[in-house]
Amino acid sequence: MAMNSRTQFPIGGADRTGGANRKKTRKKVVFSIKILTLSALTLYFVFPVAFMLLRSVMTEAEASSVPVAFFPQGFNYQSYVKIFREDYWLYTLNTLKIALINIVTMVFTASLSAYGFARIKFKGRGPLFAVMLATLMLPAAVSQIPLYVLYARFGWIDTHYPFIIPKMFGGGAINIFLIIQFMRSVPKELDEAAEIDGAGVFRRYVQITMPLCVPILIYITVNIFNGAWGDFNTPKVFLQTKSKFTLAMGIYYQSFLGGYQMAFSNLRMAAGVFMTVIPAILFFVFQKRLVEGINIGAVKG
Amino acid sequence: MNIELCAPPAREAKRRRLTRGARRQLAGILFELPLILGLIIFTAYPVAESLRLSLYRYNGFDTNVFNGFNNFKYMFANESQVKEVLRVFGNTFIYCFVSVPLSLFLSYFLAMPLNKNFKGVGVFRLLIYLPVIIPSVVSALLYKDIFDVTYGVMNQIFGGLGLPQGTFFSHRSTAMATLIWAGMWNLGGGMILWLSAFKNIPASLYESAKIDGANPLRRTLAITLPMSTPMIFYNLVMNLINSMQIFNSMMITGGDGEGPEQSLYFIAVKIYNEAFQFFRMGYAAALSWILFLVVGLLTVVVFATSKWVFYGDE
């Protein structure tokens, strides 16, 4: 409301007649108040991250004394050493394996089907697209139980197949949708020109359209990675043996089921920091692409 | 006369188009083949099978008896079960209908001051976004530790501010509120969405509104919000569907996943428990179908009342 008075004189010469200085100082004050408020807010949002980092370098004695200090007495990396003694390297390998396979297969099949929807006019395209979108509102819990029974018959329980095989088919409705949205901004003419030149449809998909879709493919790649990396529901249902665990399941196990190993919050937080490192790197490297991707999916969609 | 003249070329074109059309049809189906197979094997089959299972008494191994509508009757007629089902759905609804609109609302006020270009605005945005980068399983653990009654840091802060000590996740009266509060550390996600939405609004709209003498409030209500409705709508739908299925709460509650006096017991966790802890898979399937219907209904309602969404030129 403070800015109200300004807009009441939209064209007038009020600026030139001495109000200028007062206005400038007022603007400065308003700006400083804003910066101060923003800084306080930012502090609040940085707080959990700082908490996690600081807690992770505490000793066990520090982390279990009452009251626990916010700042550690020194830099102690023992908790990181310890989590790796607890099979963490194995959980990491398992999770990386799943995530990387998912990236390859999901990007391929999602882009394949997105190309089909966006560039090939075949009969049944509309209904198929509608069905695909409708699966977005299907709760995972509905298919979980029959899939468990089915996978049990395949001998897939306590293996990584449930994480890998289903993802090879379609690659996720939301990813397909995002690529289609992006392809709208990719000129069709290139594709059509290539068709006249006699390029087959698969070649047009690989050589003409996909290279232009790299920005959105990066976005979904990061999303697929983060999805696989942080997935807790699937391992909770399908995994039983410790050696098969993913990181999310490993942390859960160590915190609640395995009991003592992670009883200390410094260990939990070290595991948390470790699990955040790759997503954080991905975010910092691909920041621009990610914001762009969000824009395509959620804002223009 | 005319017709006859036109006929031969038209027929020829038609024939050529037909073969090309058939080729195109084949290509389309081949490109969609993985998706079609996936939809059949990993969606349609389990959904149908789940409906069938909901009519059976099935423990996942040997017992597999047709049970009629007894699973549903049990859900709605058995006294303790009714209570529990109502509680898990109640919890899920509260979580869903408070946290989703609240975060959309609050993140707007976070995005507003950051929508201008001044020195350091990028740093503010980045730092506010930071908690969103943390995988949700990790943030659940993190919240659990921050809000731990004895070892947690929040009670120290409360003490320092002269506030009474909180019970947070450890008491039924505060557990849900704490969970929703903790979730608000992810407002940075909503902030980015609002900022993107703001960016897509042509500046000319604001300029002409200014010339017409519209004040900032008026400009917000008449330009910013209507132009952001596609974003609001998309996020409302996606976040409602997702938060109806909240499952990571198990990272906070541990063990049975219920929380103090079932105050953090959500429907997806109950379905998991019924199916994989108590091996009442038929009953769990019935519950999952109820969840499906609720989510479906919710989506339909949101879409049916989406007249307020403004799609510009479309």
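As a further point, take the side chain of N59(B). Turning to its location among the elements, N59(B) is positioned in the loop between β1 (56-58) and β2 (64-66). Setting aside its immediate chain neighbours within four residues, N59(B) contacts F279(B) and M281(B).

A few words now on the domain arrangement of chain B. Residue and element names in this part refer to chain B. Domain assignment breaks chain B into domain 1 (2-53) and domain 2 (70-308). If you average the C-alpha positions of domain 1 and of domain 2, the two centres end up 41 Å apart. Taken together, the four residues of domain 1 in the interface contact six residues of domain 2. Together domain 1 and domain 2 conceal approximately 390 Å² of surface at their shared face, both sides included; 66% is due to carbon and sulfur atoms. The largest share of the area that domain 1 buries against domain 2 comes from S50, L51 and L53, three residues that together contribute 80% of it. At the junction of domain 1 and domain 2, the tally comes to zero salt bridges. Along the contact surface separating domain 1 from domain 2 lie two residue pairs in polar contact (both at pLDDT 80 or more). Here the side of domain 1 that touches domain 2 is composed, by residue class, of three nonpolar, one polar and no charged.

Glancing now at the confidence of the model for chain A. All names here are of chain A. Mean pLDDT for chain A: 87, with 91% of residues reaching 70 or above. The spread of mean pLDDT over the elements of chain A runs between helix α1 (residues 4-8), the lowest at 40, and helix α8 (residues 161-164), the highest at 96. Taken as a whole, residues 1-15 scores under 50 in pLDDT and shows 14 contacts with residues more than four places along the chain or in a different chain.

So, about the side chain of S249(B). All names here are of chain B. Residue placement: S249 occurs in the loop between α10 (216-244) and α11 (250-253). With a relative accessible area of 3%, S249 lands in the buried category. Setting aside residues up to four positions removed in sequence, S249 forms contacts with L264, F266 and V269.

With 173 residues, the main nonpolar core has I216(A), F232(A), I146(B), F147(B) and W185(B) as its most contacted residues. Formed by five residues, the second largest nonpolar core is a distinct cluster that contains V142(A), V47(B), W289(B) and F292(B).

With that settled, the discussion passes to empty space enclosed by the protein. Applying the stated criterion across every chain, the model contains three cavities of 30 Å³ or more. By volume, the second largest cavity is sized at about 50 Å³. Of the residues belonging to the lining of the second largest cavity, the class tally is four nonpolar, two polar and two charged.

Below, the discussion takes up the interface of chain B and chain A. A common way to report how large an interface is uses the accessible area buried once the components associate. Taken together, the contacts link 93 residues of chain B with 98 residues of chain A. Here chain B meets chain A over a buried area of about 8300 Å², counting both sides, of which 78% is carbon and sulfur. Interface area lost by chain B to chain A is led by F31(B), F42(B) and Y151(B), which between them contribute 9%. Taken together, chain B and chain A are joined by one salt bridge.

Counted by the stated rule, this structure contains 58 aromatic pairs over all chains. Ring plane angle 35° and centroid distance 6.5 Å describe the contact between F117(A) and F122(A), whose orientation is recorded as tilted. In this structure, F117(A) and F122(A) share a single accessibility class: buried. Relative to F42(B), the ring of F169(A) lies with its centre 5.7 Å away and its plane at 45°, an arrangement referred to as tilted. Taken together, the positions of F169(A) in the loop between α8 and α9 (173-183) and F42(B) in helix α1 (residues 2-53) put the pair across two chains. We classify F169(A) as partly exposed; its relative accessible area is 26%. According to the relative accessible area criterion, F42(B) is buried, its value standing at 12%. Above the plane of the ring of Y56(B) lies R52(B), whose end atom (NZ or CZ) is 4.7 Å from the centre.

On to the packing of helix α2 (residues 70-77) of chain B against helix α13 (residues 281-304) of chain B. All names here are of chain B. Packing of α2 against α13 leaves a shortest axis separation of 9 Å and a crossing angle of 70°. It follows from the interaxial angle that α2 and α13 lie roughly perpendicular. Facing N71, F72, Y74, M75 and F76 of α2, the residues of α13 in contact are G282, Y283, A286, L287 and I290. For the contact of α2 with α13, the class distribution of residues is eight nonpolar, two polar and no charged.

Take helix α7 (residues 172-183) of chain B next. Residues and elements named next belong to chain B. In this model, α7 (12 residues) spans 18 Å end to end at C-alpha, consistent with the 16 Å of a helix rising 1.5 Å per residue. Those residues of α7 lying buried are A175, M176, T178, L179, I180 and A182. Against α3 (79-111), α5 (136-146) and α11 lie the buried residues of α7.

Turning to α9(A), a few remarks are in order. A large share of α9(A) lies buried, amounting to 10 of its 11 residues. Regarding α9(A), the residues found buried are A173(A), N175(A), I176(A), F177(A), L178(A), I179(A), I180(A), Q181(A), F182(A) and M183(A).

Attention now moves to the domain arrangement of chain A. Residues and elements named next belong to chain A. When the domains of chain A are assigned, the result is domain 1 (4-56) and domain 2 (79-300). The distance between the C-alpha centroids of domain 1 and domain 2 comes to 41 Å. Carbon and sulfur atoms supply 69% of the area that domain 1 and domain 2 bury against each other, a total of about 540 Å² over both sides. Sorting the residues of domain 1 by area buried against domain 2 places M52, R55 and S56 first, and these three jointly supply 88% of that buried surface. On the surface where domain 1 and domain 2 come into contact, there are zero salt bridges. Across the domain 1-domain 2 interface, the total number found is three residue pairs in polar contact (both at pLDDT 80 or more). Residues that form the side of domain 1 that touches domain 2 fall into these classes: three nonpolar, one polar and one charged.

Thresholds, definitions, all that
Residues numbered from 1 in each chain as written. Chains lettered and ligands numbered in written order. Predicted model: local features only at pLDDT ≥ 70, side-chain atom pairs only at ≥ 80, totals over all residues. Heavy atoms only, no water. Helix = DSSP H or I, 4+ residues; strand = E, 2+ residues; numbered from the N terminus. Contact = heavy atoms within 4.5 Å. Domains from an automatic or database assignment. Buried area = accessible area lost by both parts, 1.4 Å probe. Salt bridge = Lys/Arg side-chain N within 4 Å of Asp/Glu carboxyl O. Polar contact = N/O pair within 3.5 Å; in protein donor to acceptor, adjacent residues only side chain to side chain. Nonpolar A, V, L, I, M, F, W, Y, C, P; charged D, E, K, R; others polar. pLDDT = per-residue confidence, 0-100. Buried < 20%, exposed > 50% of the residue type's maximum accessible area, 1.4 Å probe, protein only. Core = buried A, V, L, I, M, F, W, Y, C linked by side-chain atoms within 4.5 Å. 1 Å grid on protein atoms, 1.4 Å probe; cavity = no way out; pocket = protein on both sides within 12 Å on 5 of 7 lines; lining within 4 Å. Points joined across faces, edges and corners; volume = space filled by probe spheres on them. Phe/Tyr/Trp six-rings, centres within 6.5 Å; stacked < 30°, edge-to-face > 60°. Lys NZ or Arg CZ within 6 Å of the ring centre and 35° of its normal. Axes fitted to C-alpha atoms, helices over the stretch in contact; angles between N-to-C directions. Parallel < 35°, antiparallel > 145°, perpendicular 65-115°, else oblique. Expected span 1.5 Å × (residues − 1).

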